[in-house]
Every structure is written in C-alpha cells, then in structure tokens.
Amino acid sequence: MIIVLSSTATPAQSDAVLERIQSLGFRPHVVRGEERTIIGVIGDDRRAEPAQFENMPGVDQVLPVLRPFKIAAREMAHGPTVVQVSPKVAFGGNEVVVAAGPCAVESREQLFASADGAQAAGAAMLRGGAFKPRTSPYAFQGLGELGLEFLDEARTRTGLPYVTEVMTPSAVEQVAAHADMLQIGARNMQNYDLLREVGRQKKPVLLKRALSGTIEELLMAAEYVLAGGNSGVVLCERGIRTFEKATRNTLDLSAVPVLKEWSHLPVVVDPSHGTGKRSLVLPMALAAVAAGADGLLIEMHPQPDRALSDGPQSLTPEGFADLMRRVRAVAAAVSRTL
Ligand code: PEP
Ligand code: MN
C-alpha cells in the first residue's frame, strides 16, 4: 500500500508513520515530491491493514497497490522516472535516447568503426557486448575484459557513454567499473542473484524482457533491482517467443503503453532482436517511437555480413544514419526530440 502524507504533515508525524511501518515488519520507501510525500509500504503487504495508518496524524490517504510490484508501480512516483546515464544522456525525459553499436565487440577496429558511425548519425549512446550469452557454447562468447577496454577507448574517442551486458553476479563489479550502464540480457531477466547484485551497485541498469517473460514478470524483475536500492532501471522490450516464424521474435509494442500505464520507469525498444531481420528494424523503430518509447537499442556493424553474431539483423552505418533521420521525424511528430 501507499501512504500519502498531507502537505502539512510535520517531520514528527512523518517519522511516526515510518516507525509504525517498521514496527509491523515492513520497509518504508519514501518518495518526496515538491508538494507531497508518498511512502510505500514494502514487503508482503497482504498482512498490512490500511486502518493501521488511516487515522494517524499527517496521513492524507492510504491507497492499495494492487499489482505485485510496488516500487516499480506508477503510483509510487510523482511522475515518470528519469534515469541519468551521463551528464548529457538520460532516459525518460523528452529526448528519445538511441543506443547503437554491434551485437558483440569483435575487435578495436570493428568497434571504432561502429562507434564512429553511431556518433556521426547522432546516436546518444554506444552499445556492444563484451560478454555474450550465446545459444551455442561453440559460438563466439565475446572478448570479455578486453572488450570492456575497447569500449572504454570508444567512449574516449566519441564521447558516447555505453551500455554493455553483465551475465553473472561475480562479474558485476568488473563491468560496473567500466560501463556507464549495465545490461541484463533477456536470458537473465529472472536470474535473481544477478538482479540483486546489480541492485546493490550504482550504475543504471537496462533490463531486457525475457524471451517468455510477461510484462508483470519484467516489472517483478525490475522490483528486485529497485528493492536493492538502485533506482536507475530502464525497461527494454526486445521481442517475445510466439508461434510466429516470420520474425526471430514477436516484438510486443503494446508492452510500451502497458508499461507506461503500470510503471514510472522509462521504456526502450530493441527492434533488432525484436525482429531479427535488417529490413524490419526501421519500420519497428519508427513504430516504437510513435508508441511512446523513451529510447531504442539498435544493432549496427560496419560489415554485417562478417559479424560474429546477429549479422542478419544488424544495420550498416549508412542504414543506421537513414534510421536516425526517419526516427527524428517521428519523434518530432510525437513532440519529442532525439
Ligand atoms: C544483445 O542485446 O546483444 C542481446 C544479447 O540481447 P537479448 O538479451 O535481448 O537477446
Ligand atoms: Mn545481439
């Protein structure tokens, strides 16, 4: 449940509410707004009775949060959350943030060519995996630490912050020491140890929807990170597994407005993994921005035919520049910038 304090509540009244929450075995989540403070009662709140708070001095309203996620719930914030990645880049504001780059970091040259293409076309961020979750254990698994070093160099070269995947709890510290934003891949959306570990550190998190994850499960995964104390979570729709074979995954664009209705967290769309096909990336990117996405994750490779992973869905730098031009027009049509 959520306790809304009245605008005239005194600090002592607010403290009394916090104390009662704790004495009942819950954890308070305090969100101070300009006018009002809201306090989430975090824990298994089936045991909490609104009457235990309703008549306390300084309490204006007690509202139930009907869905199982709490800190991620829209009611738990005063408005959309803005997740700051760097001084210039933030998800959830008026700007649509485009992160572009290769599926995997393959070499310094390949990454620099991608980063230069991303920057020239106006991308705000670079993407690229150093640790790759591959379906086959025999497929290229990424360059690991060396990949992170190349990403650092690409950031210095272009000024673009980057997002890269972290696959295991034990690697979180290592990846967080380099990256501007940590990606939790679709295959790890319900790796609760990993979610807890990224929740304990400060870098923002890009959380991808699992291949068979419901929207509610995605938000429950976000809840793990938020409950750990990291408020910088960006949700990513990247396609789900359905019976349809024409596309690699079925990009569920309705997830964008659903997530916006249910949560205050920013939402981005990955039309590359969402479709698996280069020709479909542009139309779905345009549709995603029209549907209200706060950002896009786009795979781009200097030579897609030679890519060690996800070549068929990777744009060329020219294709990406074209996408940026067209996305800019759609962003303007929905009163957003790029
Ligand atoms: C990726 O972004 O390169 C990736 C592996 O994505 P996903 O986890 O969505 O498959
Ligand atoms: Mn990929």
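Treat the numbers as computed from the prediction; the structure is a model and nothing was measured.

Visitor: Pulling in residues and values, what's your account of the sheet that holds strand β1 (residues 2–5)?
Guide: Sheet strands associate in pairs through backbone hydrogen bonding, adopting either a parallel or an antiparallel arrangement. Overall, antiparallel pairing links the four strands, which are arranged β2-β3-β1-β4 in an open sheet. Each edge of the open sheet carries a strand with a single partner, namely β2 (27–32) and β4 (59–63). Taken pair by pair, the neighbouring strands of this sheet meet at an average axis angle of 20°, ignoring direction. Bridge count between β1 and strand β3 (residues 37–42): three bridges; the pairing is antiparallel. What sits directly across from Val4, in β3, is Ile38.

Visitor: Just give me the short version of helix α8 (residues 255–262), but keep the residues and values in it.
Guide: Looking at α8, one finds that the buried residues are Ala255, Val256 and Leu259. Projection of α8 onto a plane perpendicular to its axis shows the buried side chains occupying an angular sector of 100°, all on one side. Residues of α8 that are buried make contact with α7 (215–227), β12 (233–237) and β13 (267–269).

Visitor: Help me get a handle on the coordination of the manganese ion (ligand 2), residues and values and all.
Guide: Coordination of the manganese ion (ligand 2) by the protein is provided by Cys103 (SG), His273 (NE2), Glu299 (OE) and Asp310 (OD), with metal-donor distances spanning 2.0 to 2.3 Å. As a motif over one chain, the donors of the manganese ion (ligand 2) read C-x169-H-x25-E-x10-D. Here Cys103, found in the loop between β7 (97–101) and α3 (108–121), pairs with Asp310, found in the loop between β14 (295–299) and α11 (317–333); they are 207 residues apart in sequence, far enough to count as distant. In this structure Asp310 comes out as buried when scored by relative accessible area, which is 17%.

Visitor: Hey, could you go over the site of ligand 1 for me, with residue numbers and the actual values?
Guide: Around ligand 1 lies a shell formed by Cys103, Arg127, Lys132, Glu165, Gln183, Gly185, Ala186, Arg187, Lys208, Arg238, His273 and Glu299. Measuring from an oxygen atom of ligand 1, one finds a side-chain N or O atom of Lys208 at 2.9 Å. A distance of 3.4 Å is found between an oxygen atom of ligand 1 and a side-chain nitrogen or oxygen belonging to Glu299. If ligand 1 stood free it would expose 300 Å²; the protein chains cover 97% of that surface. For the shell around ligand 1, the class distribution of residues is two nonpolar, three polar and seven charged.

Visitor: Which residues make up the side chain of Glu299, and what values go with them?
Guide: Within the fold, Glu299 resides in strand β14. For Glu299, a relative accessible area of 0% corresponds to the buried category. Within the structure, the side chain of Glu299 is placed 3.4 Å from the side chain of Arg127, a separation counted as a polar contact.

Visitor: Tell me about the sheet that holds strand β11 (residues 205–208), and name the residues and values.
Guide: If you walk around this closed barrel you meet the eight strands as β7-β8-β9-β10-β11-β12-β13-β14, and the pairing is parallel. Pairs of neighbouring strands in the sheet enclose a mean axial angle of 25°, with direction left out of account. One ladder, built from three bridges, connects strand β9 (residues 162–165) with strand β10 (residues 181–184); its direction is parallel. Bridge pairing in β10 places Glu165 opposite Gln183. Against the sheet, helix α6 (residues 192–200) contacts β10 and β11, and its axis sits at roughly 170° relative to β10. Strands in contact with α8 are β12 and β13; relative to β13, the strand with the most contacts, it is inclined by about 170°.

Cut-offs and rules
Residues numbered from 1 in each chain as written. Chains lettered and ligands numbered in written order. Predicted model: local features only at pLDDT ≥ 70, side-chain atom pairs only at ≥ 80, totals over all residues. Heavy atoms only, no water. Pairing = 2+ DSSP bridges. Helix = DSSP H or I, 4+ residues; strand = E, 2+ residues; numbered from the N terminus. Axes fitted to C-alpha atoms, helices over the stretch in contact; angles between N-to-C directions. Buried < 20%, exposed > 50% of the residue type's maximum accessible area, 1.4 Å probe, protein only. Arc of directions from axis to C-beta. Contact = heavy atoms within 4.5 Å. Donors = N, O, S within 2.8 Å, 3.2 Å for Na, K, Ca; no water. Near = heavy atom within 4 Å. Polar contact = N/O pair within 3.5 Å; in protein donor to acceptor, adjacent residues only side chain to side chain. Areas by Shrake-Rupley, 256 points an atom, 1.4 Å probe, with all protein chains shown as cover. Nonpolar A, V, L, I, M, F, W, Y, C, P; charged D, E, K, R; others polar.

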